[in-house]
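Coordinates in review
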Amino acid sequence: MNLLFTSAMAVFCMDVAVSAPLAETRALAGGDAHEAAAPAEPVRLAQAPIADPASESIEEGDAQTVAPSSETPAPQAETDAAAIDIVEAERPPLVFEGESDEAIAEKLVAYLDDLTTLKGTFRQVAPSGAISTGEFFLRRPGMLRFEYDAPNPLLIVANGGLVYVRDEALETTDSYPVGKTPLKFLLQKKVDLDDAKIIAVDRGIDTVAVTFASDDDETEGELTIIAKAPEFTLSRWVVRDLQNGITEVSLSDVIAGERLANRLFRAPEAGGQFLKN
């Protein structure tokens, strides 16, 4: 299996090979595309830590002596509880802390539905740990372009319901339906809530994360979208595939609402396979 191709495919939660049929590649991956994925651990966002209120103890044999106190000490449980209360009071509040998970998910979906274009740079960490960087361009509905920095020879373009993967080193272009990946939720004109099942909502100090899965057996994996909050800006997404492999794509230097040329989303030159069931 071509390592660079596999790394690129992870952006769209697909584990495919350049020259193998999709069914054969699923067998090589060790599982059928229709088997149920293991329950996902929700993405945990960074939060201010709570200090351990436990007091230091004097080790056995320590030469230091402690003078007895004439005051009756407070029970340990009450002391610990008071310390935790102090730390909790000093912890920065989580964003939308008083709102329900449903309300937060609705806010994120509304943000996505209003999103038109984004461009910037990306950093991708594949399930293998391999790191790739490059530029991205997003125009909703349906269009996405990933230009990988050298020495990675790949270009990924989504357009017209298909994902095209161009390998300049091999001079091939392979394609498959975008509807088979959970990134369809990001590329839809409106998030299809009849299909998009919200399975987790998490809050950070200045971010929120919502995890989507699909009731459609053809859609492989889960997608967690992370946005800066309370003013929503897409900052990261995480894809979990059917083998519980995790791919993380972090966005930087993001510019929203700028006009993006049609040529950016032109399908690469043909010459590869169409990968389907």
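The present account deals with the structure reproduced in this document. (Residues numbered from 1 in each chain as written. Predicted model: local features only at pLDDT ≥ 70, side-chain atom pairs only at ≥ 80, totals over all residues. Heavy atoms only, no water.)

Applying the stated rule across the entire model yields seven salt bridges. Here Asp101 and Arg203 are joined by a salt bridge, their closest N and O atoms 2.9 Å apart. Note that Asp101 is positioned in helix α4 (residues 101–114) and Arg203 in strand β7 (residues 196–203), a separation of 102 residues in sequence. As a salt-bridge pair, Arg145 and Glu147 come within 2.6 Å of each other at their nearest N and O atoms. (Salt bridge = Lys/Arg side-chain N within 4 Å of Asp/Glu carboxyl O. Helix = DSSP H or I, 4+ residues; strand = E, 2+ residues; numbered from the N terminus.)

For the rest of this paragraph, the subject is the nonpolar core. The biggest cluster of nonpolar side chains holds 43 residues, and the ones touching the most others in it are Leu108, Phe146, Phe212, Ile225, Leu234 and Trp237. The dominant element in this core, judged by the number of residues it contributes, is α4, at six residues. Membership of the second largest hydrophobic core comes to five residues, among which are Met143, Leu260, Leu264 and Phe265. (Core = buried A, V, L, I, M, F, W, Y, C linked by side-chain atoms within 4.5 Å. Buried < 20%, exposed > 50% of the residue type's maximum accessible area, 1.4 Å probe, protein only.)

Moving on: the packing of aromatic side chains. Per the stated rule, a full pass over the model turns up eight aromatic pairs. For the ring pair Phe96 and Phe232, a centre distance of 6.0 Å and an interplane angle of 15° mean the geometry is stacked. With Phe96 in the loop between α3 (76–90) and α4 and Phe232 in the loop between β9 (222–228) and β10 (233–240), this residue pair connects regions lying 136 residues apart in the sequence. According to the relative accessible area criterion, Phe96 is buried, its value standing at 15%. Owing to a relative accessible area of 17%, Phe232 belongs among the buried residues under this scheme. Aromatic ring contacts, followed pair by pair, group Phe122, Phe136, Phe146, Tyr148 and Trp237 into a single cluster. (Phe/Tyr/Trp six-rings, centres within 6.5 Å; stacked < 30°, edge-to-face > 60°.)

Turning our eyes to something else, we now look at the side chain of Arg240. As for its position among the elements, Arg240 is in strand β10. Among buried charged residues, Arg240 stands out as having no salt bridge; its nearest opposite-charge side chain is Glu222, 4.1 Å away. A polar atom in the side chain of Arg240 sits 3.2 Å from the side chain of Asn244. (Lys, Arg positive; Asp, Glu negative; His and termini not counted. Polar contact = N/O pair within 3.5 Å; in protein donor to acceptor, adjacent residues only side chain to side chain.)

With that out of the way, let us pick up the sheet that holds strand β1 (residues 117–125). Judged by pairing direction, the sheet is antiparallel, and its 11 strands sit side by side in the order β6-β5-β4-β3-β2-β1-β11-β10-β9-β8-β7 without closing on themselves. The open sheet is flanked by β6 (172–177) and β7, the only strands paired with a single partner. Strand after strand, the sheet turns through a mean of 20° between neighbouring axes, direction not considered. Two strands pair when backbone bridges link them, and β10 and strand β11 (residues 246–256) are joined in this way by five bridges, in the antiparallel orientation. For Arg240, the partnering residue across the bridge sits in β11 and is Ile246. Each of β7, β8 (207–214), β9 and β10 is contacted by α4, which is oriented at about 110° to β7, the strand it contacts most. (Pairing = 2+ DSSP bridges. Axes fitted to C-alpha atoms, helices over the stretch in contact; angles between N-to-C directions. Contact = heavy atoms within 4.5 Å.)

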